[in-house]
Every structure is written in C-alpha cells, then in structure tokens.
Amino acid sequence: MLQPELDQEDLLRRITNRIRQSLELQEILNATVAEVRSLLRTDRVMVYRFNESGGGQVIAESVDTNRLPCLNGLNFPADDIPEQARQLYLTQRLRSIVDLSAGVIGLSPLEPTETDDHSTPQPIHYRPVDACHVKYLQAMGIQSSMVLPIVHYDIQAQQAQKRLWGLLVSHHVKPRSISQRELQIVQSVVDQVSIAIAQSNLLSQTRQQHRIEATINRVSTLLHSLPTIQLQAALKETVNALGSSGGRLYIAPDRVNPRAECLICGTQPVFGDGDSQTTLEEHPVFVQWVTGDKTVDTHNGLSESNSAHVGCQPLIVNDLYQVSNLASLAPAFQGTSIRGWLVVPLYYRSSFLGSLSIFRSQVAQEILWAGKFNPNEKQHCPRQSFEQWREVKRHQAQPWTNYDIELALALGHHFAMAIEQYKLYAQVQALNSNLECQVAERTAKLQQSLEQGRALQRVTNQIRGTLDLKTTLQTIVREVRQLLDTDRVMIYRFTDDSHGQVIVESITGEWLSLLNIDDPQQYFSKAQIQFYQLGKLGVIQDVTQARLTPDQREFLQRCQVQAALIVPIGVGNPQAHEIPIMPDSLPYPRWEQPLWGLLIAQECKARRDWLPSEIKLLRKLADQAAVAIQQAELFTHTQAQAQQLASAFHHLKQTQAQLIQTEKMSSLGQLIAGVAHEINNPVNFIYGNLVYTSQYAQDLLSIIHSYQKYYPHPDREIIELLDLIDLEFLKEDLPKLLESMKLGSERIRKLVLSLRNFSRLDQAEKKLVDIHEGVDSTLLILQYRLKGKHNYPGIQVIKNYGELPLVECYPSQLNQVFMNVLSNAIDALEECDPDKQTITISTTVQSPNVEKNDNLNNSTVKLEDDHCSSPNHVVIQIADSGVGISPELQSQIFDPFFTTKPIGKGTGLGLSISYQIIVEKHGGIFKYSSQPGEGTEFWIEIPIYQPQSLEE
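Residues numbered from 1 in each chain as written. Predicted model: local features only at pLDDT ≥ 70, side-chain atom pairs only at ≥ 80, totals over all residues. Heavy atoms only, no water.

Engineer: Any chance you could explain helix α3 (residues 83–91) here in plain terms?
Structural biologist: Every α-helix carries 3.6 residues per turn, so stepping three or four residues along brings you back to the same face. Residues R86, Y89 and L90 constitute the buried set of α3. Projected down its long axis, α3 carries its buried residues within an arc of 95°, all on one side. Summarising the contacts, the buried residues of α3 are in contact with β1 (44–50), β4 (94–99), β7 (144–154) and β8 (161–172). Following α3 by one or two positions, R93 has its phi on the positive side, about 50°. (Buried < 20%, exposed > 50% of the residue type's maximum accessible area, 1.4 Å probe, protein only. Helix = DSSP H or I, 4+ residues; strand = E, 2+ residues; numbered from the N terminus. Arc of directions from axis to C-beta. Contact = heavy atoms within 4.5 Å.)

Okay, structure coming up:
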C-alpha cells in the first residue's frame, strides 16, 4: 500500500507545482484533468463550470475517445443539476460517488454539520441511487462517477463570500470503487484549483484594471491636449474600447454657447425627420431619464450603478426593447442593429454639461448543447442522447459588464472635465477673437486708408508720368477694382447729350465685358444726366429693389449687375464737399464745366452695401480722372497743332523737291525738244533729197554704161581718168553709200522722235498712250549707258512684253518714272560683276482679284485701295541683277533727299517723286523687293483708266 500512496502524494505535488508555475487558468485546468485521470485511471475527467442561469459548460476535459465521446465545450441546462443539489454542493461541499453496478451513491460532505466531529474526515455514506440519476448516467454510457464541487472565495470582498464555481467530474464506463484516500487526494487537487481560480481572477482583474487605465490614458490624452481638444477622436476611442457599434457626445447649451453640440460616431438612431443629431437628447423621455426623474421605471432590462450623486449614475439598458418607459424612443432604433444602451450623464461641480451615450449592437448567439432539449420546458425525465446539438439565437443583447460600467464612468469623468475645459477655452477664444476682431477691424481701416492713399498717389504719379489718357484711365479702374474688391469697374464717356460708351474697364473672373458697349436704349435718361451734372452720386445697393425703370433694370440684369456705385466725372474741378450716404439726400452745386462721363463700380455676385469710405474714395479718383482728362485734352490739342505744323513742313519740303525736279525735267525736256527740233530740219532735208540723189546717181551710171556700150574705145585721157577714179568700184560702191546715208538719216529721225516722245511737251494732260513706246524711248535715250566699252561687255536688256492696251496716264510723268528706275538700275549694275549685268522688263495686265507678289516690300508703300477702283491694271516690273539694297536702308528709299550715291551724283529725289507720280497722281502701286546680292525688282502698277475721283 505504500507505493500507491507515494504515487498519489507525487500527483498532488505535481499538480501543486503546475498551479504555482502558471497563472493561466485554462492551462491549470487542462493539466489538472490530465493528472487526475492518470491518477484514477478512469475514462474521463472534466471540469464543469456554472453560469449565472444555473446551467454550465465543460471547459476542460481528459477523455479516452475510444470509450467515451468528447464533451469539451458543450453546455448543459440548469435542469440537469437541480437547485437543491447545487445548494448542497455550495453549503456542505458535498462530494458524490456513484456505482451503478451496486446501485448506490456515496455522499461525503466536506464541511460537517454542527453535530459532526470536525477533527476527523467525514465517512462516505452510501444509499440507493435515484432511478432518474441511473438513467441519466446510463444514457451517458458510464457505470461509475465521482463529483467534487469547486467553490470560489472572493478574497477582495470585505466579507469573504463563497460561490459554487464548478465541478470536477470523473466518469468510467465500468464499475469502479473510489477509496477514501483517493477522494482526499482529489479533494486536495480541487482545493488547489480553487486557489488557482482565485489567483486567475486576481490576474484578470489586474489586467482589466490595466486595460481600463490604458484606455483612460489614451482618451485623456486626446481630451486634455489643449488647445486642440480632440473630442471626436476621444469619442471614437471610447466606442472602440467598450466594444460598441456607436456613440454620441452631447454638449448641453449654456450662456456662452446657446446652441447644443452633438458629436456622433458609428451606428446612430434615426428619428422620423432624419435629424438624430439634435433631437435624441432633447426628447422629453431622455431628459427625464438622464436628469434622474424617478417616474422612469428602472427595471425590466434597465439598471443603475451606485453613485453618490443621482445625476452621475450611469443608465444601463441591456435590451432597450424590454424597457417599457423607453417605448417612445424605440422607433428611432428599429432601423438599426442597436439593442444595448449605456448613458453616462456628465456633471462638473453639480453643473450638467451633457451626456455620453454608447450603443451596443445585437448579436447572434450559437450554443453547443450536450443533447437536444426543450429550453422552455423542464426536463421531467433524463435525456436519452448527449450528442452535440447546435442552438442559434438571433437578435440577442450583449449585457453590459462591470468592466464596461467602470470604464464608462471613468471616461465620463474625463469627458466632463474636458468639456468644462473646452467651454472655458471657447470662452477665452471668444474673448481673444473679439479682441482680435477689434484689432483687425482697426488695422483694416488703417490699412484701407493707407491703400487708398497709395492708390491716389499711384494715380497722381501716373498722371504726372504720362499724358496718355487711356493709360491713366486704365490705371484708375484697375486701382478702384482692387481697393473696393469688386467685380467690374469701368469709365463711361458721353459722346453727346444722351449717348455714350464704355472706354476702359477692369473685370475679374468670368463676368461679361462691357468694353466699347454703347447705350442703344438710352439707359441714362435726361433727368439722370441732369442729376449727375449736379455732382450727385448714384448708389444702387440691390438692382431688384432700386428705383429704376423696367428697361434700366432689365439692362443691368442683362449685364450681370447686382449692385452699382456711379460717380460723375466733370471736365472741371468741382468744389470739394462731404459725400452723404444717400446720393439724393442733399443737392450739390452745379459744376462749372459740362459732364464728361461716369466712373462706375459694379458688383456682379450679389447685392452690396457701399460704405461711405468707398464712396469717398471713388469720388477722389473721379476728380483725379477729371484732372487727367484736362491734361490729356490739352496735350492732344497741342500735339494736333504740332502735327499740323509738321505735316505742313513736310508738304512744303515735298513741294520744293517736286518743283526742283519738275523744273529740272522741264528744262531738260525743253532742251531735248529744242535740240530735236534743230536736228529734225536738216535731217529731214537730207533724208528727203537722198531719194533724188540716188535717182540722179542711177541715171548718171546708166549714161556712163551707154557710153561704154556705144563707144568702147575712148580717148587716152578718158582711159587714164577712168583708171584714176576706179569706175567699176564707184559703180559698185555708190549705191551702197547712198543706202548707208539713208539708214543713218532714218536712225537720226528715230532718235529725234524718241526725244520728242520722252519730252511730251505737247502731251501735258492725260492721254491714251502705249506704255511700251515710253519704255523703249527711255531705253533709247539711255542706250549710251547700256552699250559695251573697253573691257566692259555692256548691260543686257530682256523684254517680256505682254499684250497691253492703250493706258490713260500722264505720259511725260510716267516716262520720268521709267527714267528714274532704269537709271538707278544701271547705277547698281555698274557696281557688280560685269558678266551678270541684266535688266528684265515685264509688262502684264491683271485684275484686282489676282494675287500679287507677296515678296514685294510693302513696308514703306502706302496702298490707297480706294484709288484702285478700275476693273484692270497694267503692271510694269523692272528687275536688275545688281547688289540689292541692304535691309537697314530699305525703309528709307522713298524718303525725299535720301541717296546712297556720292555727293554730286544724286539728289535723292528720283524715287520719292516717282512714288508720288504713281501712287498719288495715277492712283497706283509702287513697291519693291530686294535681297542683298540678288538684285532689286520694282513693281509699277497703274489702272488702265483713271478713276473719276483722281480726275477731280
């Protein structure tokens, strides 16, 4: 017997060591059932734990699954262990041993009654086992069992209280007897388990307290981190810490903040109007409940914690649908999953600050039972099967635990302190904000005055710095728009007594531009113009409410105007006067000068109340605009006079140049005409007698031929004379000589005709002439410059003449143009390579819609399109292969007296006069195209028939 006793003692020691080594209850229980089953050598050892309803669950088990099914995790109803038996387990710590083969049950109370001997262990008393108990054990498939109660003492309570925590149960499929010794060993193990349970509860409470403190620290950090109190984040942290689905923090109104505030998080109740954020805490039932009105029933699912102040008691609802007094609030929760509700009223020094509401959603519970049973009926007979049965309960409330309530109370205290700090901070912020607003307002006024002064200074500097009226007015409207921070500022100028248009504007955003818009509907009536002529102002704060005609209101709304401020601009300096808020409250003295225009500021976004300072500023800027207008008009008048003088001087200079050139050409024409006339008479005499001379010579030769025929043998003297004069040569050469004289006379006659054609003294008026004839005459006169000389091949002239009709023009003046252009071309060719000297002359007829040469330089040629009204034009293009004109000189070639030739070789008047002849005299086009190194081309275009306007 000694060895089994040693084994039992060793088991007790191992279990004690395992309990001491671990603080995790589940590990201790798993080790306990394994060691006890090893000691007893039974088929099953399990720990059964009671719940509040009286039922229980197997939470630890060691079983031989080949002999018995596993029951770990399964639940048993309260009826399986009657209330009487549970009381015996608790009061007497009754141990029971059942042996079905013997049909007896042994009962051994651990705590003896008053009559029992406390010094010796109580014996095991056997009696017949109940039939119901026998059937219950047989249904489980066991023949013997042992049950020991596990009693837990709450050592933290002021008075030690014990409660039935659970049972240690041993099952065996075969009959087995339990000795007194084994019972004592197992009881010792149970006692150690009770100690472990107490330690585990202490550990759980410590951990729970630690979690509470950690949560409080996190929330308090968010709540007390001034100046940024994070109430919303703290509410969210509270909802998460309590494992809830939503929450609300209601801050009651007070004197500083007359409106209540409500912060929400997660799932929320919804009232019929959908405004749950402001109506839940203001509902009468909620107000009565939170303020501690005892007319609200606190039973049937609602409980209160014990607190010193009735208002500080948390209001706990495990299932709000079971509280009849909250029935009026229940509809707000029906559309949600909320079932549990915890409310912590927030007080600080007896002052109600608000409430903290936490919502807990319903859950679905799943319970594994050891055998199916009807929970609504008591079991009158044992179940026949303990197979696993799954029961699912939906829409179940999650009860609030002591941990939840303790944490909610602690957090509510911190929320109350934070809200008080928040309100105090808000008061301070309000005072600071008010002070800052006053400072900002005064600073803004000073800044506004400074900006206005700077704006006036900028406008004054602009007026002094420039005399350009548009630039000054544009500066004024830009400064006004920026200073008044308005949408559109413009200046409207009257063109007559009742009409005008916008000449400058400054707008911001995408508003409609009114620049250059006129007033077709006479928006400013005569009465209004007289109103502004008196110096009065137009103040429109709201277009829809202003005293306007329907047409005026429609016009302003079409221009997107909501409010307007209108200040008159007079061309004189009106007397300074105070400006009232209402424009028509006081009459102003009439201005000495007429009304020039209006300075208008418009608001397009919304109506606007114009301030007196804004009106005064606009008035000052209107006065500055009047000064600028006077200066600009004076400058314009002076500038116009200067331009007239400059134009007269330029015209005089051109007239002098034209007179000089005309006189020069006239003298040259007279000289040419005189020379031509003097040459023409003897040439005509010679040319006319050459015919008779030729005839006479032919007759004399015929006579000589007859003499030779009839007198073949002349005298010696005649023969010597014939040999001397070489009669045969004379007969052969004399006709040739006479023909050469005829050709020379004809050439002289043509030259005289060319001189007469060029001078055209008999054609000073417009006539129909052949353009080609004038070009050829000019080329004939310049022939001596075109011919080659020693080591000079000459200039090649290429004629590309088209079919031209007779052109109505001034022939002598047009020939003068050809002479100037061709002379300049010859001068340019003398400076380039002799092997590449060509002049190309092309003539064409083109219609006005024919595209002109885009390469021609029009930079210095002013095209008078109204002069080119005839249906067709004649174009003469004269191009040379010279060195071209440098780009820096091309803009000056038509200027009078401009020349690139050396002194004494050019006057600089040729092209200038040619330009006047073609453009002004003939209404044509005179332009050029030149590339350095590639030559120059002149384009001469005149109408075939001169327009009537030119004739007049």
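Now that the structure has been shown, the text picks up again.
Engineer: Got a minute to help me understand helix α11 (residues 526–533) in this structure?
Structural biologist: Looking at α11, one finds that the buried residues are Q528, I529 and Y532. Buried residues of α11, seen end-on, are gathered within an arc of 100° and therefore sit on one face of the element. For α11, the exposed residues set more than 90 degrees away from the buried face come down to K526 and A527. Here the buried face of α11 lies against β17 (488–494), β19 (538–540), α12 (550–558), β20 (563–570) and β21 (595–603). Of the residues one or two after α11, G535 is the one with positive phi, at around 90°.

Engineer: Looking at this model, I keep getting lost on unusual backbone geometry. Mind explaining?
Structural biologist: Negative phi values dominate among residues other than glycine, just as trans dominates among peptide bonds. Non-glycine residue H395 carries a positive phi angle of around 55°. In this structure, D485 takes a positive phi of about 50° despite not being glycine. As for its position among the elements, D485 is in the loop between α10 (469–484) and β17.

Engineer: Please clarify how the sheet that holds strand β26 (residues 873–880) should be interpreted in this entry.
Structural biologist: Sheet strands pair by backbone hydrogen bonding; their relative direction is either parallel or antiparallel. Taken in spatial order, the five strands of this open sheet run β23-β25-β26-β28-β27, and their pairing is mixed. Either end of the sheet is taken by a strand with one partner, and the two such strands are β23 (796–800) and β27 (925–931). Sheet twist, expressed as the average angle between the axes of neighbouring strands with direction ignored, equals 15°. Across five bridges, the pairing between β23 and strand β25 (residues 838–846) is parallel. Residue pairing across strands places Q796 opposite T838, the latter belonging to β25. Contacts between helix α19 (residues 910–921) and the sheet are confined to β27 and β28 (935–943), with β27 contributing the most and set at about 135° to the helix. (Pairing = 2+ DSSP bridges. Axes fitted to C-alpha atoms, helices over the stretch in contact; angles between N-to-C directions.)

Engineer: Would you take a moment to explain the packing of helix α16 (residues 771–781) against helix α18 (residues 811–829) for this structure?
Structural biologist: When two helices pack together, their arrangement is given by the angle between the helix axes and the distance between those axes. Between α16 and α18, the least distance of the axes is 9 Å, while the angle of their chain directions is 45°. Classified by the interaxial angle, the pair formed by α16 and α18 is oblique. Two packed elements cross with a definite hand, and for α16 against α18 that hand is right-handed. Residues I771, G774, V775, T778, L779 and I781 of α16 form the contact with α18, whose participating residues are L814, N815, F818, M819 and L822. Residues belonging to the contact of α16 with α18 are distributed by class as follows: eight nonpolar, three polar and no charged. (Parallel < 35°, antiparallel > 145°, perpendicular 65-115°, else oblique. Left-handed = near helix turned anticlockwise from the far one by under 90°. Nonpolar A, V, L, I, M, F, W, Y, C, P; charged D, E, K, R; others polar.)

Engineer: Just to check I follow, could you spell out the pairing of strand β9 (residues 246–251) for this structure?
Structural biologist: One face of the sheet, then the other: side chains in a regular strand alternate in exactly this way. Across the six residues that make up β9, a large majority, six, are buried. The sheet contact formed by β9 and strand β14 (residues 351–361) spans six bridges and is antiparallel. Counterpart to L249 in the pairing with β14 is L356.

Engineer: For this particular structure, what's the right way to read a nonpolar patch on the surface?
Structural biologist: Where nonpolar side chains cluster on the molecular surface, the patch consists of L700, I703, Y707, Y710 and Y711 and spans about 630 Å² of accessible area. Its location among the elements puts Y707 in helix α13 (residues 612–710). According to the relative accessible area criterion, Y707 is exposed, its value standing at 53%. (Patch = residues over 30% accessible without salt bridge, like charges linked within 9 Å, V, L, I, M, F, W, Y side chains within 5 Å. Areas by Shrake-Rupley, 256 points an atom, 1.4 Å probe, with all protein chains shown as cover. Salt bridge = Lys/Arg side-chain N within 4 Å of Asp/Glu carboxyl O.)

Engineer: Sorry if this is basic, but what is going on with the sheet that holds β20 here?
Structural biologist: Spatially, β18-β17-β21-β20-β19 is the arrangement adopted by the five strands of the open sheet, whose pairing is antiparallel. Because the sheet does not close on itself, it has two edges, and the strands there are β18 (500–507) and β19. Shown here is a sheet whose adjacent strand axes are inclined to one another by a mean of 15°, direction ignored. For β20 and β21, the ladder comprises eight bridges, and the chain directions are antiparallel. If you follow L565 over to β21, its bridge partner there is A601. Lying on the sheet, α10 is in contact with β17, β18 and β21; it crosses β18 at an angle near 55°.

Engineer: Help me understand the environment of P123, please; the structure alone is not making it clear to me.
Structural biologist: Along the chain, P123 turns up in the loop between β5 (104–109) and β6 (125–128). For P123, a relative accessible area of 42% gives the class partly exposed. Distance from P123 to P109, taken between C-alpha atoms, is 8.6 Å for residues 14 residues apart in sequence.

Engineer: Could you clarify how one ought to interpret the pattern of salt bridges in this entry?
Structural biologist: It is possible for side chains bearing opposite charge to pair when their charged atoms get close. Enumeration over the complete set of coordinates arrives at 22 salt bridges. Note that E24 is salt-bridged to R207, the shortest N-O span being 2.9 Å. Of the two residues, E24 is situated in the loop between α1 (2–21) and α2 (25–40) and R207 in helix α5 (residues 180–223); the sequence distance between them amounts to 183 residues. On the basis of relative accessible area, R207 is assigned to the partly exposed category, the value being 40%. In this structure, E83 engages R86 in a salt bridge whose closest nitrogen and oxygen atoms are separated by 2.3 Å. Of the two residues, E83 and R86 both sit in helix α3, three residues apart, roughly one turn of that helix. Residue classification places E83 among the partly exposed residues on the basis of a relative accessible area of 42%. We classify R86 as buried; its relative accessible area is 13%. When salt bridges with common partners are traced through the structure, they connect D487, E603, K605, R608 and E614 into a single cluster.

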